[in-house]
Amino acid sequence: NIKETETISAVSEDWKASVTKQMDALVTSCVVVPCSFSHPGKALPSSKLRGIWHISNDRDQVIYNEDQTKILDAYKDRTKMLGILGQNNCTLEITDVKDHDNGPFCFRIELVGGESQKFSFVEDCVDLKMQHSPPEIKLTQSRAAFEGKAFTATCSVRHTCPSFRPKLSWSRGNADQIFEKHELISQGVWVIESVLTFVPEEKDDHSQLNCTAVFHGRKTTTKTLHLYLKRAANYKNIIIPIVVLVVTAGVIGLVSGLIIKKYKYVNQIWNKNVYFLDTDDDNDDYQNTADLNIYGNV
């Protein structure tokens, strides 16, 4: 009395599964494959369900089973069901990823007790794209670095292994200066972010700020940010030149005023002298004319 359906399409009217079809997997690290399923009728407890993962269409090539004796030797102690079957979650984790763990891997579920049913979702499997180098770090700064002012740099990297997150570290700073957060950004992909805040000093100009990510399995990557400091505004350096400029302008104005005043004074004296000279010449002309008249009368 065993009803067994070896192949159930992801669009089946009865049982449906949703598995991320392609994912990157870093060799030596781990990868989490998101998976969910649904079925008709009322909710079923986990004790009534058995989740299995196998290679492609061959359900005998098992990579995960709660019965470890049924797992291929190459996958023993490296696979784990993270999802809770009673919550329709069939998410799988593969640790210590090997170069041959490319799949495709398919999910299969069995109902135990009473009239057993078995469903394999071979049309909705996952392929793993093996990565031998870790993802590149993204290293950014909030704004230009100024001497004596708080400066913030952000280091982030993507990964597929939330159970063993990459460890981010800085070439400087302490725990009080570092803030870290971790979030899911898409199906099967997380990002871990570390934010460093510190106050640069003069000696930090033209220095290097390094962020390093160490992944599960010890693969490592580093990104470098070059610091070029801008000098903070010094009010003394601004006020003193302005004062000097104002004083200089005042002195120049005073000297100019004195010169103009002296020039006007000299000009007035000159004009008076010219006037006297003109008056004397007029008198001489008058006297000379009188003399001529006298002589003429004689």
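The name recorded for the protein in an unreviewed UniProt entry is Ig-like domain-containing protein, from Oryzias melastigma.

Describing the overall build of the protein
The helix and strand tally for the protein stands at 1 helix and 19 strands. Across the 298 residues of the protein, 33% fall into the buried class. For the protein, the exposed surface amounts to about 18,600 Å²; the carbon and sulfur share of it is 53%.

Let's talk about the layout of surface pockets
In this structure, the largest pocket spans a volume of roughly 430 Å³. For the lining of the largest pocket, the element with the most residues is strand E3 (residues 22–26), which contributes 5 residues. Per-class residue counts for the lining of the largest pocket are 11 nonpolar, 10 polar and 4 charged. When we break the lining of the largest pocket down by domain, the ones giving at least three residues each are domain 1 (16–131) and domain 2 (137–227). Size it by volume and the second largest pocket reaches roughly 160 Å³. In terms of lining, the second largest pocket is formed by Arg 50, Ile 52, Arg 59, Asp 60, Val 62, Asn 65, Lys 70, Arg 108 and Glu 110. At the level of elements, strand E6 (49–55), strand E7 (58–64) and strand E10 (105–111) are the ones that each hand at least two residues to the lining of the second largest pocket. Residue contributions to the lining of the second largest pocket peak at 3 residues, all from E7. Split by residue class, the lining of the second largest pocket holds 2 nonpolar, 1 polar and 6 charged.

Describing the pattern of salt bridges
Following the criterion strictly, the structure yields 10 salt bridges and no others. For Lys 76, the salt bridge identified is with Asp 73, shortest N-O distance 3.3 Å. A residue is classified by how much of its surface remains accessible, and Lys 76, at 32% relative accessible area, is partly exposed. With a closest N to O distance of 3.9 Å, Lys 203 and Glu 201 form a salt bridge. With relative accessibility at 44%, the residue Glu 201 sits in the partly exposed group.

Thoughts on the sheet that holds strand E19 (residues 220–227)
Each strand in a sheet pairs with its neighbour through backbone hydrogen bonds, running either in the same direction (parallel) or in the opposite one (antiparallel). Taken in spatial order, the 3 strands make up an open sheet running E15-E18-E19, and their pairing is antiparallel. What marks the edges here is a single partner per strand, and that holds for strand E15 (167–170) and E19. Taken over all neighbouring pairs, the strand axes of this sheet differ in orientation by 15 degrees on average, direction set aside. Sheet topology places strand E18 (residues 207–214) next to E19; 8 bridges connect them, and they run antiparallel. Paired with Gln 208 across the strands is His 226, a residue of E19.

Let's talk about the state of the cysteines
Inspection of every chain in the model, using the stated rule, returns 4 disulfides. Note on cysteine connectivity: Cys 106 is disulfide-linked to Cys 125, with sulfurs 1.9 Å apart. Given an S-S torsion of about 105 degrees, the disulfide between Cys 106 and Cys 125 has right-handed geometry. Of this pair, Cys 106 sits in strand E10 while Cys 125 sits in the loop between strand E11 (117–120) and strand E12 (127–131), placing them 19 residues apart in sequence. Cys 125 carries the same exposure label as Cys 106, and that label is buried.

Considerations on the side chain of Ser 207
Tracing the backbone through its elements, the reader meets Ser 207 in strand E18. From its side chain, Ser 207 meets the backbone oxygen of Asp 204 in a polar contact 2.5 Å long. Setting aside chain neighbours within four positions, we find Ser 207 in contact with Leu 225, His 226 and Leu 227.

A closer look at the sheet that holds strand E14 (residues 151–159)
Read from one edge to the other, the open sheet built from 4 strands follows the order E13-E14-E17-E16, with strand pairing classed as antiparallel. Of all the strands in the sheet, the pair left with one neighbour each is strand E13 (138–141) and strand E16 (178–186). Averaged over all adjacent pairs, the angle separating strand axes in this sheet is 20 degrees, with direction ignored. Bridging between E16 and strand E17 (residues 189–198) involves 8 bridges; their strand directions are antiparallel. Bridging across to E17, His 182 finds its partner in Ile 192.

Examining unusual backbone geometry
Along the chain, Gly 103 connects to Pro 104 via a cis peptide bond; the corresponding omega equals 0 degrees. Checked against the element boundaries, Pro 104 lands in the loop between strand E9 (92–94) and E10. For Asp 96, which is not glycine, the phi torsion reads 50 degrees and is therefore positive. Looking at the secondary structure, you find Asp 96 in the loop between E9 and E10. Owing to a relative accessible area of 34%, Asp 96 belongs among the partly exposed residues under this scheme. For Arg 218, which is not glycine, the phi torsion reads 80 degrees and is therefore positive. If you trace the backbone, Arg 218 turns up in the loop between E18 and E19. By relative accessible area, Arg 218 is classed as exposed at 67%.

Rules behind the numbers
- Residue positions are given per chain, counted from 1 along the sequence in the order it is written.
- The predicted nature of this model means local features are confined to residues of pLDDT at least 70 and side-chain atom pairs, given and counted, to a pLDDT of 80 or more, with totals for whole chains, interfaces and linings taken over all residues.
- Hydrogens and water molecules were not included; the side-chain quantities draw on all heavy atoms of the structure.
- Each helix corresponds to a stretch of at least 4 residues labelled H or I by DSSP, and each strand to a stretch of at least 2 residues labelled E; elements are numbered beginning at the N terminus.
- Relative accessibility decides the category of a residue: with a 1.4 Å probe and only protein chains considered, values under 20% of the type maximum give buried, values over 50% give exposed, and everything between is partly exposed.
- Each accessible area is a Shrake-Rupley result for a 1.4 Å probe, and residues are judged covered by the shown protein chains and nothing else.
- A cavity, in this analysis, means grid points on a 1 Å lattice covering only the protein atoms where a 1.4 Å probe fits yet has no way out; a pocket is instead an open set bounded by protein on both sides within 12 Å along at least five of seven lines, and a residue lines either one if it has an atom within 4 Å of a point.
- Grid points are joined across faces, edges and corners, and a volume is the space filled by probe spheres set on the points.
- Each residue is assigned to one of three groups, with Ala, Val, Leu, Ile, Met, Phe, Trp, Tyr, Cys and Pro labelled nonpolar, Asp, Glu, Lys and Arg labelled charged, and all others, Gly among them, labelled polar.
- The start and end points of each domain follow an automatic or database-based domain assignment.
- Salt bridge, as used here: a side-chain nitrogen of Lys or Arg that lies within 4 Å of a carboxyl oxygen of Asp or Glu.
- Only strands that DSSP links by at least two bridges are regarded as paired with each other.
- For helices, the fitted line uses only the C-alpha atoms of the stretch in contact; every axis is such a line through C-alpha atoms, and the angle between N-to-C directions lies from 0 to 180 degrees.
- Working definition: a disulfide is two cysteine sulfur atoms within 2.5 Å of each other.
- Pairs of N or O atoms are called polar contacts if they sit within 3.5 Å, as long as, within protein, a hydrogen donor faces a hydrogen acceptor (for residues adjacent in sequence, only side-chain-to-side-chain pairs).
- Only heavy atoms enter the contact rule, under which two residues are in contact if any of them lie within 4.5 Å.

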